[in-house]
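Per-entry structural report
Here is what each chain is made of, one letter per residue.
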Amino acid sequence: MQDKKYIEQLFLQHYAAMYRLALLILHDAEESKDVVSEVFEQVLGSQMAVRPETAGAFLLRSVRNRCLNAIDRRRLQDQLRQLYARHLAETDEPLQAVEERLHRLRQCIDHDLPPQARRVLLMRYQEGLSYAEVARQLDISEAMVYKHLRNAFNHIKVKLNNRDDDGKE
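Heads up: these notes are all about the structure in this document.

This brings us to the packing of aromatic side chains. Summed over all chains, the structure comprises five aromatic pairs. Taken together, Phe11, Tyr15, Tyr19 and Phe40 form an aromatic cluster joined through their ring pairs. The residue whose ring lies beneath Arg124 is Tyr125, and the NZ or CZ to ring-centre distance is 5.3 Å. Across the ring face of Tyr131, the terminal group of Arg124 is positioned such that the distance to the ring centre comes to 4.5 Å.

Here it is in structure tokens:
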């Protein structure tokens with residue numbers, strides 16, 4: 001783990017350039033601040049050593065990568081919104097029924113999933129972390145991340161299908 005004084009020095013030395021890069025890519029001040037904070041949070045909690053001679057390049061590359069991930073998340077969210085809007089326009093299913101299904105899904109995630117599967121699912125899809133980031137934060141292999149997600153999806157599918165078949169569990 002990095003020395004906190006060293007991280008503080010990196011922060012003071014590189015924050016402005018990192019923020020400018022994030023702002024240039026994202027065009028959003030708050031999201032840019034979040035990205036830079038996440039990079040420093042990762043460095044602070046990481047076992048990898050940031051060497052002084054490569055620190056600037058490493059931090060800027062980390063900001064760029066996080067910005068690209070944020071843009072990908074935005075695109076995915078936009079696509080989902082468009083698909084959802086199209087689905088609502090094409091279906092005669094009342095909005096209340098759609099909202100009820102979403103509520104049941106949230107209940108299933110919050111109350112029915114095993115804790116580790118829920119944690120992995122939320123980190124991956126709510127926080128938008130990559131499989132590698134989830135694995136690193138939970139100190140498990142990427143294969144285990146895939147396994148927990150597969151188990152979570154299977155569990156949700158079974159629970160929701162059981163509820164849909166007879167209206168209750």
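Attention shifts here to the layout of surface pockets. Here the largest pocket is characterised by a volume of approximately 600 Å³. Looking at the largest pocket, it is lined by 17 residues, and the ones nearest its centre are Arg73, Leu76, Gln77, Tyr125 and Gly128. Looking at the lining of the largest pocket, the elements that each hand over two or more residues are helix 3 (55-90) and helix 5 (115-126). When residues in the lining of the largest pocket are grouped by element, the largest group, nine residues, is from helix 3. Per-class residue counts for the lining of the largest pocket are five nonpolar, five polar and seven charged. One number sums up the size of the second largest pocket: a volume of about 470 Å³. Lining the second largest pocket are 17 residues; nearest its centre among them are Glu38, Glu41, Gln42, Arg66 and Gln137. Ranked by residues supplied to the lining of the second largest pocket, first place goes to helix 2 (residues 29-45) with five residues.

Procedures and definitions
- Counting starts from 1 at the beginning of each chain's written sequence and moves along it residue by residue.
- For this predicted model, a pLDDT threshold of at least 70 governs which residues receive local features, and a threshold of 80 or more governs which side-chain atom pairs are given and counted, while totals over whole chains, interfaces and linings are taken from all residues.
- The basis for every side-chain value is the complete set of heavy atoms in the structure, and neither hydrogens nor water enter the calculation.
- The pairing test for Phe, Tyr and Trp rings, Trp by its six-membered ring, is centres within 6.5 Å, and the orientation test on the planes gives stacked under 30 degrees, edge-to-face over 60, and tilted for anything in between.
- Any Lys NZ or Arg CZ found within 6 Å of a ring centre and within 35 degrees of that ring's normal is scored as a charge over the ring.
- Site definitions follow a grid-based scheme: protein atoms alone, a 1 Å grid, a 1.4 Å probe that fits but cannot get out for cavities, and for pockets an open set with protein on both sides within 12 Å along at least five of seven lines, plus lining residues having an atom within 4 Å of a point.
- Grid points are joined across faces, edges and corners, and a volume is the space filled by probe spheres set on the points.
- Numbering of helices and strands runs from the N terminus; a helix is a DSSP stretch of H or I covering at least four residues, while a strand is a stretch of E covering at least two.
- Note on residue classes: Ala, Val, Leu, Ile, Met, Phe, Trp, Tyr, Cys and Pro are nonpolar, Asp, Glu, Lys and Arg are charged, and everything else, Gly too, is polar.

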